[in-house]
Amino acid sequence: MAEVYDTENIFAKILRGELPCDKVYEDEHVLAFKDLYPKAPVHVLILPKRPYVSVTDFSQSASDAEIAAWIRAAGNVARELGVAEGGYRVLCNVGRDGHQEVAHLHMHLVGGRDLGGMIRREERQP
Ligand code: 5GP
């Protein structure tokens, strides 16, 4: 079943031009802008323009051109913002367990400092 998309989510408003953003990249399928509350010197959000909630429905319903554009945008942004050489992290939070706050698919591209290990391990049971 397709995920229900809320057209009033904050990124939908940015995509419609109703709210501002600090744009770093745009093409036919993709918009990328700086995260308002950056977790690192470089923190960019990379969105498909069409209304997908998450990787789950995007992977099922998006065209090959949209999927290609989205991942190519990540490489373009990394090169443009000077983190390609030193390294960076891309991730998507999905749903409840992933702590996704905004229900329009976005990839976080984070870098510009040592990001440390990826995810805290679960506490070991005795
Ligand atoms: P999520 O938890 O959904 O993966 O990430 C949502 C991200 O959107 C967070 O990193 C948050 O800082 C960012 N964010 C929330 N509201 C705004 C906004 O109005 N503008 C921008 N540029 N980023 C936002």
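For the structure, check the block above.
Now for a quick tour of the structure.

The rules behind each value
- Residues numbered from 1 in each chain as written.
- Predicted model: local features only at pLDDT ≥ 70, side-chain atom pairs only at ≥ 80, totals over all residues.
- Heavy atoms only, no water.
- Helix = DSSP H or I, 4+ residues; strand = E, 2+ residues; numbered from the N terminus.
- 1 Å grid on protein atoms, 1.4 Å probe; cavity = no way out; pocket = protein on both sides within 12 Å on 5 of 7 lines; lining within 4 Å.
- Points joined across faces, edges and corners; volume = space filled by probe spheres on them.
- Nonpolar A, V, L, I, M, F, W, Y, C, P; charged D, E, K, R; others polar.
- Buried < 20%, exposed > 50% of the residue type's maximum accessible area, 1.4 Å probe, protein only.
- Pairing = 2+ DSSP bridges.

What follows concerns the environment of alanine 65. Among the structural elements, alanine 65 can be located in helix α3 (residues 64-80). For alanine 65 and proline 51, which are 14 residues apart along the polypeptide, the C-alpha to C-alpha distance reads 15 Å.

With that settled, the discussion passes to the layout of surface pockets. Its boundaries defined by the atoms lining it, the largest pocket holds a volume of some 770 Å³. For the largest pocket, the lining is made up of 27 residues, of which Asp35, Lys39, His43, Leu45 and His108 are closest to its centre. When residues of the lining of the largest pocket are traced back to their parent elements, those giving at least two are α1 (10-15), β2 (30-34), β3 (42-48), β4 (88-91) and β5 (107-111). The leading source of residues in the lining of the largest pocket is α1, at three residues. Of the residues contributing to the lining of the largest pocket, the split by class is 14 nonpolar, six polar and seven charged. Computed from the structure, the second largest pocket encloses a volume of approximately 200 Å³. Lining the second largest pocket are Arg89, Val90, Leu91, Cys92, Asn93, Asp97, Gly98, His99, Met118 and Ile119. A breakdown of the residues in the lining of the second largest pocket according to their chemical character gives five nonpolar, three polar and two charged.

Below, the discussion takes up unusual backbone geometry. Even without glycine at this site, histidine 99 takes up a positive phi of about 55°. Looking at where histidine 99 falls in the secondary structure, it is placed in the loop between β4 and β5.

The element β2 is extensively covered by neighbouring structure, given that four of its five residues are classed as buried. Judged from the five bridges that link them, β2 and β3 form a sheet pairing that is antiparallel. When the bridges of β3 are listed, lysine 34 appears paired with valine 44.

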